[in-house]
Amino acid sequence: MNQAYSVSELRQYIQHWKDHQQSIAFIPTMGNLHQGHLSLIEKGQSLCDRSICSIFVNPMQFGPNEDFNHYPRTLDKDIELLESVACDLVYMPTASELYPQGLEKISQVIVTDLTETFEGAHRPGHFTGVATIVAKLFNIVKPDISVFGKKDYQQYCVIKKMTQDLNLDVEIIGQETTREPSGLATSTRNQYLNEEQMSKAALIYRTLQDASDKIIGGERNFALVEKQATDRLSQAGFDTDYFNVCNADTLKPATPGDKKLVILVTTRLGDTRLLDNIEIDLW
Ligand code: PAF
């Protein structure tokens, strides 16, 4: 697998591939890779000739109370995993090249509308950090497609909107969430759960599925569905930030006429904040 650390190194590989009319799939990550990330690479590989993965723990998307310094960095293992799925290139930029004047002076990409609720409300500035780094990486890599996990459903919507609003020439592909056999969504944060919490955490997806089944069965009192789900999680020891039935495109509260819905949930188990969602197609 090729490795590039600077924009100029990276561009040499990309130029070579473009000269040979090869299409490029790009998967941005913050490293600490797991099966979920590998499924993004494999999706990209199924659609394009070449796959590029970036690993960059982006300081701009961490809030002052979030632990940027302790974010798990496991570069050697990440490279091994990328090699195991025959990724073509890993790009590992330095903060000094991406933010040469630091974070204060960098121009920002603010995606409107979708970023004020849910994770945007809980983590002010987070999506501006995400959108800015992703826009920069798109401009550096100039991929044909880029694959994002639907586990971070709001992030996926934000990136799609940014791409449309700014006419960026890249197709955004959403990849289904990878799950443990218990149904728990695969996540970097699962490593913070002890054994008991790990088995308890399976309730999150079961609660989503049950809520989805009620809606598919005709229930349109979304507030009731949300309350029942939140109560169930709370009785099992979860502290839920939100469990909301939304329009799948706008992420506004669902209305009874909506045909494409998503239920977004973020809930805490001990100190670990877990995110998940389920899409519902009522067509
Ligand atoms: O989902 C992530 O890992 C990050 O938010 C991303 C998209 C790589 C931007 O830093």
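Structural data are supplied above this passage.
What counts, and where the lines are drawn
Residues numbered from 1 in each chain as written. Predicted model: local features only at pLDDT ≥ 70, side-chain atom pairs only at ≥ 80, totals over all residues. Heavy atoms only, no water. Helix = DSSP H or I, 4+ residues; strand = E, 2+ residues; numbered from the N terminus. Buried < 20%, exposed > 50% of the residue type's maximum accessible area, 1.4 Å probe, protein only. Polar contact = N/O pair within 3.5 Å; in protein donor to acceptor, adjacent residues only side chain to side chain. Contact = heavy atoms within 4.5 Å. Near = heavy atom within 4 Å. Nonpolar A, V, L, I, M, F, W, Y, C, P; charged D, E, K, R; others polar. Core = buried A, V, L, I, M, F, W, Y, C linked by side-chain atoms within 4.5 Å.

Asker: Go over the side chain of Thr 132 with me, naming the residues and quoting the values.
Answerer: Secondary-structure assignment places Thr 132 in helix α6 (residues 126-141). Classification of Thr 132 as buried rests on a relative accessible area of 2%. A polar contact of 3.0 Å, which involves the side chain of Thr 132, links it to the backbone nitrogen of Val 109. If near-sequence neighbours (up to four positions away) are discounted, Thr 132 is found in contact with Met 60, Ile 106, Ser 107, Gln 108 and Val 109.

Asker: Report on the site of the ligand, specifying residues and quantitative values.
Answerer: In the vicinity of the ligand, the contacting residues are Pro 28, Thr 29, Met 30, Asn 58, Gln 61, Val 130, Ile 133, Phe 148 and Gln 155. The separation between an oxygen atom of the ligand and a polar side-chain atom of Gln 155 is 2.8 Å. Mapped onto the shell around the ligand, the elements with two or more residues apiece are β2 (24-29) and α6. Taken together, the residues that form the shell around the ligand break down as 5 nonpolar, 4 polar and no charged.

Asker: Go over the nonpolar core, please, and point to the residues and values.
Answerer: Of all hydrophobic cores here, the largest spans 44 residues; its most connected members are Ile 52, Tyr 91, Phe 138 and Met 162. It is α6 that provides the largest number of residues to this core, a total of 10 residues. Residues Leu 184, Ile 215, Leu 233 and Ile 280 belong to the second largest nonpolar core, which totals 25 residues.

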